[in-house]
Amino acid sequence: GFYCLQARSLNKPVIAIEPLMRNVNYLLRNLSENNWQHDVEVYAAALSRQCGIVNLWGGGGITGTGASLIKGFSGNPESYVRKTPSLTLDIILQKK
């Protein structure tokens, strides 16, 4: 979200892709507070090689707001996993 807000502040087109709902909520709040809610495309999903549902590792515990599709990311226990939708960049950019 930080870099999305920086880019938007420079009047750049922004597409935000974020799999963690906590981070999505932070981003949406910041966009609204800056009156940019209509200027940024936000996708609450992970990026992957294919569309579907994937395991997302992290996003709490040790990593806080960081997460990955890599099992055991950043030292998180293997049990710390959640399901999240995934999209491909081709699908997202196809709309452009």
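What this report covers is the structure whose coordinates are included nearby.

What counts and how
- Residues numbered from 1 in each chain as written.
- Predicted model: local features only at pLDDT ≥ 70, side-chain atom pairs only at ≥ 80, totals over all residues.
- Heavy atoms only, no water.
- Phe/Tyr/Trp six-rings, centres within 6.5 Å; stacked < 30°, edge-to-face > 60°.
- Buried < 20%, exposed > 50% of the residue type's maximum accessible area, 1.4 Å probe, protein only.
- Helix = DSSP H or I, 4+ residues; strand = E, 2+ residues; numbered from the N terminus.
- Pairing = 2+ DSSP bridges.
- Right-handed = clockwise from strand over helix to strand, strands pointing away.
- Arc of directions from axis to C-beta.
- Contact = heavy atoms within 4.5 Å.

**Considering the packing of aromatic side chains**
If you walk through the whole model with that rule in mind, you get one aromatic pair. On the basis of an interplanar angle of 85° and a centroid distance of 5.1 Å, the ring pair of phenylalanine 2 and tyrosine 3 is categorised as edge-to-face. In this pair, the class of phenylalanine 2 matches that of tyrosine 3, namely exposed.

**Thoughts on the pairing of strand β1 (residues 14-17)**
Where burial is concerned, the two faces of β1 differ: the one with Val14 and Ala16 is buried and the one with Ile15 and Ile17 is not. Two elements, β1 and strand β2 (residues 40-43), share four bridges in a ladder whose sense is parallel. Bridging from a neighbouring strand, alanine 16 pairs with valine 42 of β2. Considered for its hand, the β-α-β crossover made up of β1, helix α2 (residues 21-33) and β2 is right-handed.

**Describing helix α1 (residues 2-9)**
Here α1 has its buried residues at Cys4, Leu5 and Arg8. Mapping the buried residues of α1 onto a view down its axis gives an arc of 95°, with all of them on the same face. The outward face of α1, more than 90 degrees from its buried face, is lined by the exposed residues Phe2 and Tyr3. Contacts made by the buried residues of α1 are with β1, α2 and β2. Looking one or two residues past α1, asparagine 11 carries a phi angle of roughly 60°, positive in sign.

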